[in-house]
Amino acid sequence: MNREKRARHEPTPWLPLAATGRTGPFTGESLLEAMVNLQALNASAALTALLLSAVVTEQNSIRRKVEQACRELAEVVDRLAPGESRRRWPADGEES
């Protein structure tokens, strides 16, 4: 039951104080158990932030590559059909 109780609590700044005082979700746990639980919480928050930053970085990288490919394609179109790459794309009203 203690684990179920802990799962419902959101991380707040008072958790280290509750852990050392063995109150709240840490009632009935030893100091070592409470510190291991806090460390697991910190690790999961750090891993989440790391994964999120990796996803954002990859998304930005892909966007730059797509923009570069579009510029290169516009240059090829301009060589094959001069003036065609200067037309606006997408046409007005088609943007989402």
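Basis of the calculations
- Residues numbered from 1 in each chain as written.
- Predicted model: local features only at pLDDT ≥ 70, side-chain atom pairs only at ≥ 80, totals over all residues.
- Heavy atoms only, no water.
- Helix = DSSP H or I, 4+ residues; strand = E, 2+ residues; numbered from the N terminus.
- Contact = heavy atoms within 4.5 Å.
- Areas by Shrake-Rupley, 256 points an atom, 1.4 Å probe, with all protein chains shown as cover.
- Salt bridge = Lys/Arg side-chain N within 4 Å of Asp/Glu carboxyl O.
- pLDDT = per-residue confidence, 0-100.
- Expected span 1.5 Å × (residues − 1).
- Buried < 20%, exposed > 50% of the residue type's maximum accessible area, 1.4 Å probe, protein only.

## Some points on the overall build of the chain
Then, number 1: From N to C terminus, the chain includes 3 helices and 0 strands.
Then, number 2: From first element to last, N terminus to C terminus, the chain shows the α and β order α-α-α.
Then, number 3: Sequence separation of 24 or more characterises 14% of the internal contacts of the chain that already satisfy a separation of 6 or more.
Then, number 4: With the model as given, the accessible surface of the chain reaches about 8200 Å², and the carbon-plus-sulfur share is 60%.

## Examining the pattern of salt bridges
Then, number 1: Going through the model one piece at a time under the given rule, you end up with 1 salt bridge.
Then, number 2: R63 serves as the salt-bridge partner of E67, at 3.1 Å between the closest nitrogen and oxygen. On the criterion of helical spacing, the pair formed by E67 and R63 is a turn pair, its members being 4 residues apart in helix α3 (residues 31-80).

## Let's talk about the confidence of the model for the chain
Detailed reading of the predicted model is not advised wherever pLDDT is low.
Then, number 1: Considering every residue of the chain, the mean pLDDT works out to 78; 70% of them sit at 70 or more.
Then, number 2: Averaged over each element, pLDDT in the chain is lowest for helix α1 (residues 2-8) (54) and highest for α3 (92).

## A closer look at α3
Then, number 1: Over its 50 residues, α3 runs 73 Å from end to end, which matches the ideal 74 Å to within 8%, given 1.5 Å per residue.
Then, number 2: Listed in full, the buried residues belonging to α3 are A34, L38 and S61.

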